[in-house]
Amino acid sequence: MLRNSGIEVETVYKVNEGRPHIVDYIKSGKVNLIINTPLGRESFFDEKAIRRAAVNSRIPCITTIPGAAAAVNGIRAIRREKLDVKSIQEYHARRS
């Protein structure tokens, strides 16, 4: 989905799939966003290791397809137009 939307992505190994794996990439600063859709009980260890490394490195970690879709939409919006940061009050004052 990301690649089809023109976003540069790289597929990497999960922790139990081989090296270098995602935690290696996170620790080396090569990761900006993680989209990890768990496969159930068999991926529990990987999910825990990935999430721990992401939190420690302050990297967003998305674990659902709807979350990934929202991230893609946000990235598209940022690429399409200049976005300004506003307080909630400023945002709603303009809409009233």
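Residues numbered from 1 in each chain as written. Predicted model: local features only at pLDDT ≥ 70, side-chain atom pairs only at ≥ 80, totals over all residues. Heavy atoms only, no water.

Novice: Can you explain the nonpolar core? Please cite residues and give values.
Specialist: General note: in soluble globular proteins, nonpolar side chains tend to be found buried as a group. With 12 residues, the main nonpolar core is built from V15, I22, V23, Y25, I26, V31, I34, A49, I50, A53, A54 and I59. Looking at this core, the elements that each hand over two or more residues are α1 (22-27) and α2 (44-57). I50 has contacts with K14, V15, I22, V23, I26, I34, N36 and C61, leaving out every residue within four places of it along the chain. (Core = buried A, V, L, I, M, F, W, Y, C linked by side-chain atoms within 4.5 Å. Buried < 20%, exposed > 50% of the residue type's maximum accessible area, 1.4 Å probe, protein only. Helix = DSSP H or I, 4+ residues; strand = E, 2+ residues; numbered from the N terminus. Contact = heavy atoms within 4.5 Å.)

Novice: Can you explain the environment of V72? Please cite residues and give values.
Specialist: Relative to the helices and strands, V72 is located in helix α3 (residues 65-80). Sequence separation between V72 and M1 is 71 residues, and the spatial gap between their C-alpha atoms is 8.3 Å.

Novice: Mind laying out α2, listing which residues take part and the relevant values?
Specialist: With 14 residues, α2 extends 20 Å from end C-alpha to end C-alpha; this agrees with the ideal 20 Å at 1.5 Å per step. Buried residues in α2 make contact with α1, β1 (34-35) and β2 (61-62). Looking one or two residues past α2, R58 carries a phi angle of roughly 60 degrees, positive in sign. (Expected span 1.5 Å × (residues − 1).)

Novice: Can you tell me about the environment of K27, naming the residues and giving the values?
Specialist: Here K27 is to be found in helix α1. Spatially, the C-alpha atom of K27 lies 8.8 Å from that of A54, the residues being 27 residues apart in sequence.

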